[in-house]
Amino acid sequence: MKTSDNTISRKDFIRNSALAAAGLSLMPNIMGASPFRGEQNVSAKGKLSLKNVRLETGFEYEEGEVISTKTNLFYIEIENGKIKSIAPNQPNTKAIDAKGMLMLPAFKDMHIHLDKTFYGDQWQAVRKRTGGVKGMIALEQKMLPEMLKNSTFKAEKMIELLQSKGTSFARSHVNIEPTSKLDSLKNLQKALDHKKKGFGAELVAFPQHGVFYTDSVPYLKEAAQMDIDFIGGVDPFNIDGNIEKTIDFTVQLALDHKKGIDIHLHETGESGLSTVEYLIRKVNENPSLKGKTYLSHCFILAKLDKTKQEEIAEKLAESQIGIVSTIPFGNLIMPIPALYKHNVTVLTGNDSIIDHWNTFGTGSVLQKANQMAQLYGYSTEFLLSRSLKLATANVLPLDDKGNQQWPKAGDQAEFVLMNASCSAEAVSRISNVESLVHQGNVVY
């Protein structure tokens, strides 16, 4: 990445983002490191001016190959949560000084479980697992009543972690089953309401313990009438023992209440492929679900031969079913290049962060982009620049030809500012200007 006064390599961009994530503490101080401190006098209610903001402006080519990304400094005005204007830099004007930091689209975590975590509470490592997913269901049934006692507090702390990593939005799965009933959802909604000035979310009613295995049906039907966005699911064959029955119920509930669908699919054998193919068929039968249906994990794709991968990717694209991948999972490497080739929507998220499923969550989706770039050898300037879209839910400053497409006047003012070494320094989702100035690098 080439700037007007120094050069930042894409390798450093991705590497340093991972280093920043690796250094997180269990209770990060997200209030402390803002370049905006002491500059309250340059903002007005509902309005904000920024100078010395670095934006990507185009690619630099050598013999037809992209060799660097050009940037320059700009003056940006924001009003009522939207970008009002982008103008040539005015370094001497009275405005918040972004100090040459690079502005990027705010990050989005599109698969996480904000409702159940140890984060912000007493440390616990993952317990020894027995009995596969059904064994984990039995463990959850024992643990959830205690976890629910302070789940609102812990969800707020996890939101603060995400914000400190540049994330302003999440898609959170939330347990809906006979043990939690609707309590997990209600507790999370309280946390989201407390954080609504700086954090947005969409919710998936998630039958973690199976739709029929533990009779979650009445609770899912009630949740579908509440403020949720997707109907979820998990391993229809392995958990519920019937792909068609479970998918049919999920699809009908989504149709009845005009919701999307987001199903966890961990199955890697024949049942996994059958689930994918049956869901494709049901979405094609109900076109209103196109663009609103997702398979999370979908590990079966990593087990298919290349010819079958291409075939399924093409079918997913035709039915507009997206894949939400946590990138590597053990030795399962998702065929993201094949999905991109066929224009399948690919999203990512942290999934579990320090809970009874996983000890190693970092809260950084930029680290996920880092991992993807390494896994697939995306080492050229062009491919590295495209890797960023995994962290931003497919929003990029430059299109594939190097034309500037973000930000534009009228866009929502949701962005992250990265310092010269491109590690997260301050993040902003501008819906409350005064809070941005006073609270530093909390996401607004």
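The protein chain goes by Cytosine/adenosine deaminase in an unreviewed UniProt entry, where it is assigned to Chryseobacterium oleae.

Draft legend 1. Representation of the sheet that holds strand β11 (residues 293–297) in the model. The strand order β6-β7-β8-β9-β10-β11-β12-β13 describes an open sheet built from eight strands, whose pairing is parallel. The outermost strands of the open sheet, each flanked by one partner alone, are β6 (107–112) and β13 (346–348). Across the sheet, the axes of successive neighbouring strands diverge by a mean angle of 25°, strand direction being ignored. Note: strand β9 (residues 230–234) against strand β10 (residues 260–265), five bridges, orientation parallel. The residue bridging Gly233 from the neighbouring strand is Ile263, located in β10. Taken strand by strand, helix α4 (residues 183–194) contacts β7 (167–175) and β8 (200–206), and its axis lies near 165° from that of β7.

Draft legend 2. Examining helix α11 (residues 365–375) more closely. The buried count for α11 comes to eight of eleven residues, which makes it a mostly enclosed element. Residues of α11 that are buried: Val365, Leu366, Gln367, Lys368, Ala369, Asn370, Met372 and Ala373. Between the side-chain oxygen at the start of α11 and the backbone nitrogen of Leu366 there is a gap of 3.3 Å, and the oxygen is on Ser364. Taken from the residues just after α11, Gly377 is the one with a positive phi, measuring 65°.

Draft legend 3. Local environment of the confidence of the model for the protein chain. Taken residue by residue, the protein chain gives an average pLDDT of 85. The fraction at 70 or more is 84%. Taken together, the stretch residues 13–43 has pLDDT below 50 and engages in 78 contacts with residues farther than four places along the chain or on a different chain. The model gives residues 420–444 a pLDDT under 50, and that stretch makes 98 contacts with residues more than four places away or in other chains.

Draft legend 4. Fine view of unusual backbone geometry. The linkage connecting Trp406 with the following residue, Pro407, adopts the cis geometry, with an omega of -5°. Phi at Asn52 is positive, roughly 55°, even though this residue is not glycine. With respect to the secondary-structure elements, Asn52 resides in strand β1 (residues 47–62). For Lys258, which is not glycine, the phi dihedral falls at a positive 55°. Secondary-structure assignment places Lys258 in the loop between α6 (243–257) and β10.

Draft legend 5. Representation of the environment of Asp183 within the structure. Note that Asp183 resides in helix α4. On the basis of relative accessible area, Asp183 is assigned to the partly exposed category, the value being 38%.

What counts and what doesn't
- All chains use their own residue numbering, which begins from 1 and follows the written sequence.
- Under the rules for a predicted model, residues below a pLDDT of 70 receive no local features and side-chain atom pairs below 80 are neither given nor counted, while totals for whole chains, interfaces and linings still include all residues.
- To obtain the side-chain values, all non-hydrogen atoms of the structure were included, while hydrogens and water were left out.
- DSSP bridges decide pairing: two strands pair if at least two such bridges lie between them.
- Counting from the N terminus, the helices are the DSSP runs of H or I reaching at least four residues and the strands are the DSSP runs of E reaching at least two.
- Helix axes use the C-alpha atoms of the stretch in contact, all axes being lines fitted to C-alpha atoms, and the angles between their N-to-C directions lie in the range 0 to 180 degrees.
- Any two residues having at least one pair of non-hydrogen atoms within 4.5 Å are treated as being in contact.
- Think of it in three bands: with a 1.4 Å probe and only protein chains considered, a residue is buried below 20% of the maximum accessible area for its type, exposed above 50%, and partly exposed in between.
- Under the rule applied, a polar contact is a pair of N or O atoms within 3.5 Å (in protein, one hydrogen donor and one hydrogen acceptor; residues adjacent in sequence only if both atoms are side-chain atoms).
- What pLDDT expresses is the predictor's confidence in each residue, scored from 0 to 100.

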